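Next come the chains, spelled out residue by residue.
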Amino acid sequence: MKMKWLVVLFCCFLFVSLSRATKYSDDAVLRILPRTESEVAILREELPIAIPVSWWREPSYVANYVDAHFSGANLAEARDLLDAAGLEYVTLIEDVQEAIEASHSPPSELFTASNDVEFDFSKYHSLEEISEWMITLEKTFPDLVSLVDVGTSFEGRTIKAVKFSGANSNSTSAKPGLWLDGGIHAREWVSPATNVYVLGNLLADYGKDEETTKLIDGLEWYILPVFNVDGYSYTWAEDGDRMWRKTRSTTSSKICTGVDPNRNWDMHWGEAGTSKNPCADDFQGNSAFSEIEVKSVASFIQAQKNINGYVNFHSYSQLWMSPWGYTDDLPPTPDYDAQNEVSAAAAAAINAVHGSVFQYGPISKTIYPASGSSADWTYGVCGILYSYGVELRDTGKYGFLLPEDQIIPSGEETLAGVKVLAHAVLEAGLPDRK
Ligand SMILES: [Zn+2]
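Residues numbered from 1 in each chain as written. Predicted model: local features only at pLDDT ≥ 70, side-chain atom pairs only at ≥ 80, totals over all residues. Heavy atoms only, no water.

## Thoughts on the pairing of strand β1 (residues 28–33)
- Of all six residues in β1, five are buried; the element is thus mostly enclosed.
- As paired strands, β1 and strand β3 (residues 66–70) are joined by five bridges and run antiparallel to one another. For alanine 28, the partnering residue across the bridge sits in β3 and is phenylalanine 70.
- Sheet analysis places β1 next to strand β4 (residues 88–93), joined by five bridges and oriented antiparallel. From the neighbouring strand, arginine 31 faces β4, where its bridge partner is valine 90. (Buried < 20%, exposed > 50% of the residue type's maximum accessible area, 1.4 Å probe, protein only. Helix = DSSP H or I, 4+ residues; strand = E, 2+ residues; numbered from the N terminus. Pairing = 2+ DSSP bridges.)

Rendered as structure tokens:
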């Protein structure tokens, strides 16, 4: 009898393990190119009602491609619908589960034995590993670095940024500030990894490389590698979901969790490009700043009166974007020329490193209208002149599942773009803050 129960238990265990391991087996991502307004409307309105879809890149304009993730069970039906509507598409990723497994090595045992382990920038790291590493930075660069607790997440995790500045950091005259953050969308792993690379390399080059030293001496830097700490942890958890995007807060829905933290900022909140549906990936939340993570970061940034540069890093699509995001039905921002000049120079600097092509322009026209996003708020409400949303690698071959061998190239090219921005902030000086 006992044996029988053991067998039952073992079978249950096996079933749970297998069902987790194969969560996205046979799922595919299709790239669809709508060529007319009516094809855009089919994708935006009809398709999601007919077939469950997770947008990796949502429908926006004619001739702006759309990436749609379908489960294996729905794939044939999705292809039939697209064929019947005459929509053009190709398969971007044939098996999402295989792509997940191929994109990263098993969790490392970094820091479990000793805090002196060299941090491996070429790997994706869990929140715990990144946090441990940030603590070592404070010890390694005591005159340069301090850790800042920006707030506490819905699930009680600390949102931790690194602040650093070089010579004269105790001087009474304020230096202009530059804020970079990553991982606002949980599944966009290359964004925290790139921020980690940029942070580690700037610090390592201080006092050795003339340009870096000047930029660290002249500015007050803030880097927050993982913004959405709960969501990011959930993408790593055994019982989590690698494809999770949102926060992990409870919503008015009994079955759906989380808010899109880049649709939750208090700037034209709840207008174009967001959803009121708590089950949607771009759910705007019940009110602006409903998310404690967004509210905490926004309050912190607003309180630092010297910040005049801001980048919210995402993946994927390779875009360097300035405000406005909330509408495309507006004249450019009053500072558009200056903002766009830096975008162009950053894109050129990125291109010079490995040849990656980054498009640039306003958020609403470059990717799609998205209201309540961070860069609109930091510019429009806070008055931070150089506010950007940047989509890192790639352009869709791997999408959110970028293999680890692209982390360092992404870090190298992004660092070149960040330096262009840092020079611009240094030149612009302190902001005309609201
Ligand atoms: Zn994103």
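Having seen it, we continue.
## Quick word on a negative patch on the surface
- A contiguous patch of negative charge, built from Asp26, Glu94, Glu98 and Glu101, is present on the exposed surface.
- By the element assignment, glutamate 94 lies in the loop between β4 and α4 (96–103).
- According to the relative accessible area criterion, glutamate 94 is exposed, its value standing at 67%. (Patch = residues over 30% accessible without salt bridge, like charges linked within 9 Å, V, L, I, M, F, W, Y side chains within 5 Å. Areas by Shrake-Rupley, 256 points an atom, 1.4 Å probe, with all protein chains shown as cover. Salt bridge = Lys/Arg side-chain N within 4 Å of Asp/Glu carboxyl O. Lys, Arg positive; Asp, Glu negative; His and termini not counted. Charge placed at Lys NZ, Arg CZ, Asp CG, Glu CD.)

## Describing the pattern of salt bridges
- Under the counting rule described, the total for this entry stands at eleven salt bridges.
- One salt bridge connects aspartate 230 with arginine 157, and the closest N-O pair in it is separated by 2.9 Å. On the criterion of sequence distance, the pair formed by aspartate 230 in helix α8 (residues 229–236) and arginine 157 in the loop between β5 (145–152) and β6 (158–164) is long-range, its members being 73 residues apart.
- With a relative accessible area of 27%, arginine 157 lands in the partly exposed category.

## Some words on the side chain of glutamine 97
- Its location among the elements puts glutamine 97 in helix α4.
- Here glutamine 97 falls in the buried class, since its relative accessible area comes to 8%.

## Structural notes on the packing of helix α2 (residues 37–50) against helix α3 (residues 72–84)
- Their axes nearest at 11 Å, the elements α2 and α3 cross at an angle of 145°. Classified by chirality, the crossing of α3 by α2 is right-handed. Of the residues in α3, those touching α2 at Ile42, Leu43, Leu47 and Ala50 are Glu77, Leu81 and Leu82.
- When its residues are assigned to classes, the contact of α2 with α3 shows six nonpolar, no polar and one charged. (Axes fitted to C-alpha atoms, helices over the stretch in contact; angles between N-to-C directions. Left-handed = near helix turned anticlockwise from the far one by under 90°. Contact = heavy atoms within 4.5 Å. Nonpolar A, V, L, I, M, F, W, Y, C, P; charged D, E, K, R; others polar.)

## With respect to the packing of helix α6 (residues 190–205) against helix α13 (residues 407–428)
- Packing of α6 against α13 brings their axes to within 8 Å, and their N-to-C directions diverge by 65°. Crossing handedness for the pair α6 and α13: right-handed. Side by side, α6 and α13 meet where Val190, Ala193, Thr194, Tyr197, Val198, Asn201 and Leu202 of the first sit next to Ile407, Ile408, Ser410, Gly411, Glu412, Thr414, Leu415, Val418 and Lys419 of the second.
- Partitioning the contact of α6 with α13 into residue classes produces nine nonpolar, five polar and two charged.

## Some thoughts on the sheet that holds β1
- Read from one edge of the open sheet, four strands run β2-β3-β1-β4, paired in antiparallel fashion. At either end of the open sheet lies a strand with only one pairing partner, and these are β2 (54–57) and β4. For this sheet the average axis-to-axis angle between neighbouring strands, irrespective of direction, equals 30°.
- Where α2 meets the sheet, its contacts fall on β1, β2 and β3, and the angle it forms with β2 comes to roughly 150°.
- Most of the contacts of α3 go to β1, to which it runs at about 15°, and overall it touches β1, β3 and β4.

## Details of the domain arrangement of the chain
- Its domain assignment divides the chain into domain 1 (22–103) and domain 2 (127–428).
- Computed from C-alpha coordinates alone, the two centres of domain 1 and domain 2 are separated by 27 Å.
- Across the contact, 20 residues belong to domain 1 and 28 residues belong to domain 2.
- In total, about 1700 Å² of surface goes out of reach between domain 1 and domain 2, with carbon and sulfur atoms giving 48% of it.
- If you sort the residues of domain 1 by the area they bury against domain 2, Trp56, Tyr61 and Ser103 come out on top, with a joint share of 35%.
- Between the two partners, domain 1 and domain 2, sit one salt bridge.
- Between aspartate 241 and lysine 23 there is a salt bridge, with the nearest N and O atoms lying 4.0 Å from each other.
- The tally of links between domain 1 and domain 2 comes to eleven residue pairs in polar contact (both at pLDDT 80 or more).
- For the side of domain 1 that touches domain 2, the secondary structure elements donating two or more residues are β2, β3, β4 and α4.
- Looking at the side of domain 1 that touches domain 2 residue by residue, the class counts come to ten nonpolar, five polar and five charged. (Domains from an automatic or database assignment. Buried area = accessible area lost by both parts, 1.4 Å probe. Polar contact = N/O pair within 3.5 Å; in protein donor to acceptor, adjacent residues only side chain to side chain.)

## Some thoughts on the packing of aromatic side chains
- Applying the stated criterion to the full structure yields 23 aromatic pairs.
- Aromatic side chains tryptophan 265 and phenylalanine 289 sit 6.1 Å apart centroid to centroid with 65° between the ring planes, which places their arrangement in the edge-to-face category. With tryptophan 265 in the loop between α8 and α9 (292–303) and phenylalanine 289 in the loop between α8 and α9, this residue pair connects regions lying 24 residues apart in the sequence. Across the pair, exposure class does not vary: tryptophan 265 and phenylalanine 289 are buried alike.
- Arranged with centres 5.0 Å apart and planes meeting at 75°, the rings of tyrosine 316 and phenylalanine 400 form a pair that is edge-to-face. (Phe/Tyr/Trp six-rings, centres within 6.5 Å; stacked < 30°, edge-to-face > 60°.)

## Notes on α9
- Its twelve residues give α9 an end-to-end C-alpha distance of 16 Å, which sits within 8% of 16 Å, the value for a rise of 1.5 Å per residue.
- Every buried residue of α9 is listed here: Glu293, Val294, Ser296, Val297, Ala298, Phe300 and Ile301. (Expected span 1.5 Å × (residues − 1).)

## Brief notes about unusual backbone geometry
- Put simply, serine 315 and tyrosine 316 share a cis peptide bond, and its omega is 0°.
- Along the chain, tyrosine 316 turns up in the loop between β9 (307–315) and β10 (319–322).
- Omega for the bond connecting proline 323 with tryptophan 324 falls within 30 degrees of zero, at 5°, which places this linkage in the cis form.
- With respect to the element layout, tryptophan 324 can be found in the loop between β10 and α10 (336–354).
- Positive phi, normally seen in glycine, also occurs at histidine 268, with a value near 50°.
- Here glutamine 318, not a glycine, exhibits a phi torsion of approximately 60°, which is positive.
- By the secondary structure assignment, glutamine 318 is in the loop between β9 and β10.

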